[in-house]
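Overview (structure and organization)
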Amino acid sequence: MKTTVLLPGGFKPPHGGHLQLANAYAKNPEVDKVLVLIGPKDRDGVTIEKSTAIWKMLPKNSKVEIVAVDSDNPMSAAFDYVLNMDNNAKGQIAMAASSKEDDAKRSDSFVSAINGYKTKPTKDGRTAPKDITPVKLPVDVSPLLYKGRNDKYDGTGISASVLRQDLKNQAKDEFLTNYPNVDKSIALKIFDLLTKKKKPIYEIIEERAVLSTLIRTLLAEGGKVFQGTQRINLADIDPTISWLEDKSGLSLKDNMLGSTGRKADSGDLDLGVDKNKVDQNELISKLTANGIDKADIKKSGTNVHVKTPIAGDPENGFVQTDFMFNDDVDFMKFSMQGGEKESPYKGVHKHLVLSSIAKAQGMKWSYLNGLVDRATNKVISKNPSEIATKLLGQGAKQEDLISVEAIVKAIKNKPQYEEWMTQARGDLAKDGLELPKKEDLKESIKKIQRLVMLLEAASARIQHPEDLIYWDGSKGAERALQVMDKAAKDPSTTSVKWDGSPAVVFGVDENGNFILTDKSGFTAKGYDGKAKSAKEIETMFKNRAIKSAEKSGTKPNFTFAKSMANAYDVFKKSWPKGLTGYFKGDLLYQSKPEVIDGEYVFKPNITTYKIAVNSELGKQITKSEVGVIPHVYQTLDGKESGVKDAKQYKFNPAGGLMVFSPVFPKSGAKIDNKMMSAAKSAVSSAKSADKLLDKSKLSQEKMTDYADMLYKFTNSKAASMNTLSSKEFIKFLENEKTISDGKKAKMIEYSQQNQSDLEKIFNAVKAINDLKNSIIAQLDSQDTGVKASIGDESGGEGYVISDPSGPIKLVNRGGFTAANRAVQR
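As the structure is a prediction and not an experimental result, all values here were calculated from the model.

Definitions and limits used
Residues numbered from 1 in each chain as written. Predicted model: local features only at pLDDT ≥ 70, side-chain atom pairs only at ≥ 80, totals over all residues. Heavy atoms only, no water. Helix = DSSP H or I, 4+ residues; strand = E, 2+ residues; numbered from the N terminus. Buried < 20%, exposed > 50% of the residue type's maximum accessible area, 1.4 Å probe, protein only. Contact = heavy atoms within 4.5 Å. Areas by Shrake-Rupley, 256 points an atom, 1.4 Å probe, with all protein chains shown as cover. Axes fitted to C-alpha atoms, helices over the stretch in contact; angles between N-to-C directions. Parallel < 35°, antiparallel > 145°, perpendicular 65-115°, else oblique. Left-handed = near helix turned anticlockwise from the far one by under 90°. Nonpolar A, V, L, I, M, F, W, Y, C, P; charged D, E, K, R; others polar. Core = buried A, V, L, I, M, F, W, Y, C linked by side-chain atoms within 4.5 Å. Expected span 1.5 Å × (residues − 1). Phe/Tyr/Trp six-rings, centres within 6.5 Å; stacked < 30°, edge-to-face > 60°. Pairing = 2+ DSSP bridges. Salt bridge = Lys/Arg side-chain N within 4 Å of Asp/Glu carboxyl O. pLDDT = per-residue confidence, 0-100. Polar contact = N/O pair within 3.5 Å; in protein donor to acceptor, adjacent residues only side chain to side chain.

1. So, the overall build of the protein
Each helix and strand counted, the protein has 28 helices and 28 strands in total. In the protein, which comprises 825 residues, the proportion classed as buried is 48%. Relative to all contacts within the protein whose residues are 6 or more apart in sequence, the contacts with residues 24 or more apart total 67%. As displayed, the protein has an accessible area near 40,500 Å², and 49% of this comes from carbon and sulfur atoms.

Written as structure tokens, this is what we have:
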């Protein structure tokens, strides 16, 4: 049985001795992995973030993993790691220690303590898993000594305190002796990271000004303002712009920007508008006067966004149009020109490269204003040919500026190439997304990209309306009431939430390969989870079944793996001809459902569905072998859009795949005035509790996951939401095993001090939940052609409300959520 080794410490910062010990353990064939547990306390300006970054720079064995922990005490950190493990965990675990140092004694203490915790719980009730065996596994390494120093430390053991003293003295040569077995270039990068000074305020202001321009570029290249919009095919662009010309009174066909009208399809329509001829407010007035709903028009920065019916007909769906205002539309058409076909680089990467080249020569680049003097902020030129000459040198042409590839080709042989590309080097990585790990403009852009991905991920997790107060305070609760009120009156915004399983991803990649996998396989790192054949998907799921069986001590079940292999050919044969990209959705059945009393009956997860055989849906099911409900369509460049009607993608019905579309209630629900009044009153009272959930305050107290605990507690009460209270929440925290003892004590104290505000929050949650369940009951009573039930109770997983600020789900927690949590998986 292989061993997991824990190497806890402050590592502020990590040095060559730490690296030697970690790698020595990793080379031991008995060791499965080495977990470096980094404590949170800063030391002389060295933070946990910097420590983590340095570990990533060091040449460590692939078995070495970095884990941030809450405790600064190494023994406590190791104990917490074991005590927070799953009770069913198995294996051996050891505390890292050199056999030639006194710290080997702590290995003995670790073994003794963990064995003791198996029978005697800690004060907070935690115990060590019975099948985790603590062992002694000292490694035979000699202490790493300093060599080549000109002070008293030469010949002594390398230590973090001496290293920090070297930093304080700015002694670069002595600093390098802390990393004797590390490449000098890496050690110098570590030195730069640890000695980097804060930028002068004028530089920060300058970079923020340029950054704001690039943010607008990012938004212009894919910022989704409206829900319910989709991509538009090339053939539909001309009639759609004609409709917009009629509504706006502007000439637009010659002012298409970016990739609009140049590719087979577009995510939105980007159109340039001369701000000298019309301003944003004038355009909005014109559009509303010509019948466009104000709700379908938004203004941001220099743009006006319009939810536009494709070819002027809402039956075709909607596309987002971005009217982009500038005093020189011809320059914008050049500046926002799309890049190379099939290029991994987006427009923002081109602008980053141009910014890098301009900065190296004392200038600035702006996609709105052209080439700008860095010292005076005056525009040097908006003439593309002149800009090419000034930036890239004599002989350069306008065409040399249209893409990252063209720019690199034009200057790659110049002696200044490396200097010019210093700031943009990360953007020239093979995937175009890896940026330098330093706090410059490009690192800021990387953080924005990460933030965008996090926001997209957050919006992908559809929230319960009653939970919005945890994330956004009373404003979130007010939004919940507004959205439910609107949805009750307008059923077109609310669709049935299918309870499918598992989540699948299927489609055609950039090389023309058809892929079928699940959510885990699609994002897998350690293996290729994008199965390109029936055999590959069967093997993937068989391997998972084997691993699962090994953990549970049972025989592997390959039934699911075989059914997915059979489904592969059905998905492939049904794929729309010529379409690339992926659909993300849920399986509803993997073989034709059985017929009971004239109805198709299938149960993909918790909910049982019944559909009349002679209905329109039933007739389609008759022709199928596999059923799937797609939620999202993702293009090869990563842009996603919701699937409102699967018919628009023209799947091949002869392939045997039933591709379901969203199902909508026939009518709305009647809001219970008494319940709504009670909910509004509870939410109004909860406004005084907003300070309890203030994100900046929770961050200062190092309790950023406090809202997560409230959410987790609420889920634990799914079957009895009326019992939510501050006292019950405190009891929940006392038994919570996913947070450290220190953080637990802090959260409990914080909750005790604010019990009155907690009660107000929970009262609002309960009132919103009661109103929600009233709406669900009315929607469930309607005949949508799909009967859903959980056990003997009618009703399914619930409904999803489409809202511009993000979808919200209407789920009866006492029904579906409680049943789902009770299932043993």
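Now, onward.
2. Some details on the packing of helix α19 (residues 534-552) against helix α20 (residues 559-574)
It is the contact of α19 with α20, at a shortest axis distance of 8 Å, that shows an interaxial angle of 160°. On the basis of the axis angle, α19 is roughly antiparallel to α20. At the point where α19 passes α20, the crossing takes the right-handed sense. For the pair α19 and α20, the contacting residues are A534, I537, E538, F541 and K542 in the first and F560, A561, K562, M564, A565 and Y568 in the second. Its residues assigned to classes, the contact of α19 with α20 comprises 8 nonpolar, no polar and 3 charged.

3. Comments concerning the nonpolar core
If you look at the biggest cluster of nonpolar residues, it comprises 68 residues, and the most contacted ones within it are Y470, W498, F602, F660, Y706 and F729. Judged by nonpolar contacts, the second largest core, of 34 residues, contains A26, I54, W55 and Y179.

4. Some remarks on helix α4 (residues 105-117)
Residues three or four positions apart in an α-helix share a direction because the helix packs 3.6 residues into each turn. The first and last C-alpha atoms of α4 sit 19 Å apart over 13 residues, in line with the 18 Å expected at 1.5 Å per residue. What α4 keeps buried is the set S107, F110, V111, A113 and I114. Looking at the packing, one finds that the buried side of α4 touches β1 (3-9), α3 (74-83), β4 (91-95) and β5 (132-135).

5. A word on α19
The terminal C-alpha atoms of α19, which comprises 19 residues, lie 27 Å apart, in line with the 27 Å expected from a rise of 1.5 Å per residue. Looking at α19, one finds that the buried residues are I537, E538, M540, F541, A545 and A549. Looking at the packing, one finds that the buried side of α19 touches β17 (514-518), α18 (519-522) and α20.

6. Remarks on the packing of aromatic side chains
In this structure the tally under the stated criterion is 35 aromatic pairs. Ring centres of F11 and W55 lie 5.5 Å apart, and the angle between their planes is 80°; this geometry places the pair in the edge-to-face category. One end of the pair, F11, is in the loop between β1 and α1 (16-26); the other, W55, is in helix α2 (residues 48-57), with 44 residues separating them in the sequence. A single burial state applies to F11 and to W55, both of which are buried.

7. A short note on the environment of S266
With respect to the helices and strands, S266 occurs in strand β7 (residues 265-266). With relative accessibility at 1%, the residue S266 sits in the buried group. Through-space distance from the C-alpha of S266 to that of L234 is 7.4 Å; in sequence the pair is 32 residues apart.

8. Details of the pairing of strand β21 (residues 608-612)
Within a regular beta strand, the side chains point alternately toward one face of the sheet and then the other, so they alternate between its two faces. Strand direction decides the pairing type here: strand β20 (residues 599-602) and β21, joined by 4 bridges, are antiparallel. Bridge assignment links E599 to a residue of β21, and that residue is A612. Where β20 folds back on β21, the antiparallel hairpin that results is connected by 5 residues. Bridge count between β21 and strand β25 (residues 787-790): 3 bridges; the pairing is antiparallel. Bridged to T608 within β25 is S789.

9. A few points about the pattern of salt bridges
Across all of its chains, the model carries 24 salt bridges by this definition. A salt bridge links D80 to R126; the nearest nitrogen and oxygen atoms lie 3.0 Å apart. Here the residue D80 occupies a position in helix α3, and R126 occupies one in the loop between α4 and β5, the gap between them amounting to 46 residues. Here D80 and R126 have matching classes, each one buried.

10. Topic: the confidence of the model for the protein
Predicted confidence across the protein gives a mean pLDDT of 84, with 88% of residues reaching 70 or more. Below pLDDT 50 for its whole length, residues 200-222 participates in 40 contacts with residues either more than four positions away or in separate chains. A low-confidence stretch, residues 816-825 (pLDDT under 50), is modelled with 26 contacts involving residues beyond four sequence positions or located in other chains.

11. What to know about the sheet that holds strand β13 (residues 370-373)
Spatial ordering of the open sheet is given by β12-β13-β14, a layout of 3 strands whose pairing is antiparallel. Edge strands, defined here as strands with exactly one partner in the open sheet, are β12 (363-366) and β14 (379-381). Direction aside, the axes of adjacent strands within the sheet are offset by 40° on average. Relative to β14, β13 runs antiparallel, the two being bridged by 2 bridges. Across the sheet, V372 pairs through a bridge with V379, a residue of β14. Sheet contacts for helix α13 (residues 384-392): β12, β13 and β14; angle to β13, the most-contacted strand, approximately 50°.

12. What to know about unusual backbone geometry
Cis geometry is found at the peptide bond from K12 to P13, where omega equals -5°. Counting through the fold element by element, P13 comes out in the loop between β1 and α1. Here the residue pair S501 and P502 is connected by a cis peptide bond, since its omega of 0° sits within 30 degrees of zero. Tracing the sequence through the fold places P502 in the loop between β15 (494-496) and β16 (503-508).

13. Some words on the side chain of T494
Along the chain, T494 falls in strand β15. Exposure remark for T494: the relative accessible area of 2% places this residue in the buried category.

14. Structural notes on the side chain of D166
Within the secondary structure layout, D166 lies in helix α5 (residues 160-168). Polar contacts involving the side chain of D166 include one to the side chain of N178, which spans 3.1 Å. Once residues lying within four places of it in the same chain are set aside, the contact partners of D166 are R149, A171, E174, F175 and N178.

15. A closer look at the sheet that holds strand β28 (residues 808-810)
An order of β15-β27-β28 is seen for the 3 strands of this open sheet, with the pairing classed as antiparallel. Only two strands of the sheet have a single neighbouring strand rather than two, namely β15 and β28. Strand-to-strand, the axes of this sheet are offset by a mean angle of 30°, without reference to chain direction. The pairing of strand β27 (residues 799-801) with β28 spans 3 bridges and is antiparallel. For I801, the partnering residue across the bridge sits in β28 and is I808. The strands touched by helix α17 (residues 468-489) are β15, β27 and β28; relative to β28, the strand with the most contacts, the crossing angle is about 65°.

16. Focus: the environment of A289
Within the secondary structure, A289 is located in helix α10 (residues 280-289). Since its relative accessible area comes to 64%, A289 is described here as exposed. Placed 42 residues apart in sequence, A289 and K247 show a C-alpha to C-alpha distance of 8.6 Å.

17. Section: the environment of W55
Judged by relative accessible area, W55 falls into the buried class, the value being 0%. Residues W55 and E65, 10 residues apart in the sequence, show an inter-C-alpha distance of 9.2 Å. For W55, the contacting residues outside a window of four places in its chain are F11, P14, H18, L19, A22, V36, I38, K60 and I66.

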